[in-house]
Every structure is written in structure tokens, then in C-alpha cells.
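# Examination of the molecular architecture
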Amino acid sequence: LCEPKDLVALPDGIQVSVLARIERTKDIPLRGRAQSMFEITAMGQSGDLITLTWFHVYNGMKEKFTTGSWAIFQGALKKYRGAPQIVHPEVEMLKDKPKAGKVEIPETLHWGRIVPIYSKSEKLSQKYIREFINLCLETGLPLVEDVLPESLRARHQLPGLAQSLREMHFPREMPPLNELLLRTEDLSASV
């Protein structure tokens, strides 16, 4: 998690997560178009600024970002006239002002945990894809039948199929790689 002051030295294109307070918002009309661009200027705890920009504004978007609110903005870093900027960031609004030097990030599908990154499809955000897959899992997993005998799963301490499918997309924790390799070798030897 970065502060805006940390971004100046980073290269363009790197994925960053920035903690900042919304200072001001503005609509910027685009020449020759009926659309406008939406821009937020946000300030980190150290007083440095970052600009967050959206070229595609949806209904209710402006009301979501109130002045004085704290948020985490995530996306690819760009520099515009030497100043840090993120275009179309993903945003997690925080309920409370973070304590100096410490931020408690709420655990959601998108933050505060191991988060899957999927290949992007045309115009689908990572948030949308994760929410859709989560909905599919919640709907479909109760219908999944486990084909492995319970005795085999118990002997090798394997989770059920539904739990495995859930963990593939939304793992609770990352097990050590050597543990995964040993389990795979052990399972293939006994089958």
C-alpha cells in the first residue's frame, strides 16, 4: 500500500495501491462529445496529491466519492506532467479515517485477502469478473457431487470437490509450494 509521495520514483505502468483522502472532484467536459471526464484529486497522509481519472462515467458514480472520504485506489500508475495519476482505478472506500502508519483493510472479494486476477475480457473489470464467478460458485457449488470416495479423501486429507473449487478462485491462505508438491506426488502414487 503506497502513499502518493512514494509514486514519483516508480515507473509508468506498474500496478499500485494507494491510500488517500478525496480532496475534490470535478467534471471535465470532453470537446466535441456529449460525455465528460470525471477527476478526483486525493491527498495521502503525508500531504502529497494523486489524480484519479475516469473517461467513462456511470450514473451514481459522482455521488459515491464524497469529499473528505478515505479510499484505496488500485491500478496502473501513469505520470501526467510529472504528477502521479491512475486512470480508471478500482476503488475500495474506507469507513473510517486510517490511523497514522496503519490501515485496516476490510476483507472483501477484492481486498484484504488473496485476490484472483483473471484474463480481462472486453470491457469487463476484474471486480465484475470476480463478483460473477463468486455468484456462480455460490449458486453452483451446493449442486456439485464429489466423485472421490470419502475414504480416499480422508486418507490423503483432501478437501471435498466443492471446497476445492471455491479455494481455486478464492483461497483463504496460500499454502507453501513444497507442501502442494508433496501432496500431488503422494496422491498420484496411491491412485
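Reference entry: report on the structure contained in this document. (Residues numbered from 1 in each chain as written. Predicted model: local features only at pLDDT ≥ 70, side-chain atom pairs only at ≥ 80, totals over all residues. Heavy atoms only, no water.)

## Section: the pattern of salt bridges
Scanning the entire structure with this criterion turns up nine salt bridges. As a salt-bridge pair, Asp6 and Lys5 come within 3.9 Å of each other at their nearest N and O atoms. Judged by its relative accessible area of 35%, Asp6 falls in the partly exposed class. Using a relative accessible area of 47% as the deciding quantity, one classes Lys5 as partly exposed. (Salt bridge = Lys/Arg side-chain N within 4 Å of Asp/Glu carboxyl O. Buried < 20%, exposed > 50% of the residue type's maximum accessible area, 1.4 Å probe, protein only.)

## Let's talk about the environment of Val144
Within the secondary structure, Val144 sits in the loop between helix 2 (126-140) and helix 3 (150-155). Spatially, the C-alpha atom of Val144 lies 6.3 Å from that of Ala162, the residues being 18 residues apart in sequence. (Helix = DSSP H or I, 4+ residues; strand = E, 2+ residues; numbered from the N terminus.)

## With respect to the environment of Trp54
Topologically, Trp54 is positioned in strand 3 (residues 49-54). We classify Trp54 as buried; its relative accessible area is 6%. Taking the C-alpha atoms as reference points, Trp54 and Val87, separated by 33 residues in sequence, lie 5.9 Å from one another.

## A short note on the nonpolar core
Ranked by internal contacts, the top residues of the largest apolar core, which has 18 residues, are Ile40, Ile50, Leu52, Trp54, Phe65 and Phe73. If you list the elements that add at least two residues to this core, you get strand 1 (15-29), strand 2 (36-43), strand 3 and strand 4 (70-80). If you tally residues by element for this core, the top one is strand 1, at four residues. Here Trp54 is in contact with Met37, Phe38, Ile40, Met61, Phe65, His88, Pro89 and Val91, once residues within four sequence places are set aside. (Core = buried A, V, L, I, M, F, W, Y, C linked by side-chain atoms within 4.5 Å. Contact = heavy atoms within 4.5 Å.)

## Considerations on the packing of helix 2 against helix 4 (residues 161-169)
When two helices pack together, their arrangement is given by the angle between their axes and by how far apart the axes lie. The N-to-C vectors of helix 2 and helix 4 enclose an angle of 175 degrees; their axes lie 11 Å apart at closest approach. Classified by the angle their axes make, helix 2 and helix 4 are roughly antiparallel. Counting all contacts with helix 2, which are made through Ile133, Asn134, Leu137 and Glu138, the residues of helix 4 involved are Leu165, Arg166 and His169. The residue inventory of the contact of helix 2 with helix 4, partitioned by class, reads three nonpolar, two polar and two charged. (Axes fitted to C-alpha atoms, helices over the stretch in contact; angles between N-to-C directions. Parallel < 35°, antiparallel > 145°, perpendicular 65-115°, else oblique. Nonpolar A, V, L, I, M, F, W, Y, C, P; charged D, E, K, R; others polar.)

## What to know about unusual backbone geometry
The phi torsion at Arg81 lies on the positive side, around 55 degrees, for a residue other than glycine. In this structure, Arg81 sits in the loop between strand 4 and strand 5 (83-87). When its relative accessible area of 75% is taken as the criterion, Arg81 is described as exposed. The residue His88 is not glycine, and still its phi comes out positive at about 55 degrees. Note on placement: His88 falls in the loop between strand 5 and strand 6 (90-93).

## Here we look at helix 2
Here helix 2 contains 15 residues, and its C-alpha end-to-end distance of 21 Å stays within 8% of the 21 Å for a straight helix at 1.5 Å per residue. Buried residues of helix 2: Gln126, Lys127, Ile129, Arg130, Ile133, Asn134 and Leu137, and no others. Viewed end-on, helix 2 has its buried residues packed into an arc of 165 degrees, placing them on one side of the element. Packing partners of the buried residues in helix 2 comprise strand 6 and helix 4. (Expected span 1.5 Å × (residues − 1). Arc of directions from axis to C-beta.)

## Comments concerning the pairing of strand 3
With six bridges joining them, strand 2 and strand 3 adopt antiparallel strand pairing. Its bridge partner being in strand 3, Phe38 is matched across the sheet by Trp54. The hairpin turn running from strand 2 into strand 3, its antiparallel successor, is five residues long, and Gly47 in that turn takes a positive phi close to 100 degrees. In terms of strand pairing, strand 3 meets strand 5 through three bridges, oriented parallel. What sits directly across from Thr51, in strand 5, is Gln85. (Pairing = 2+ DSSP bridges.)

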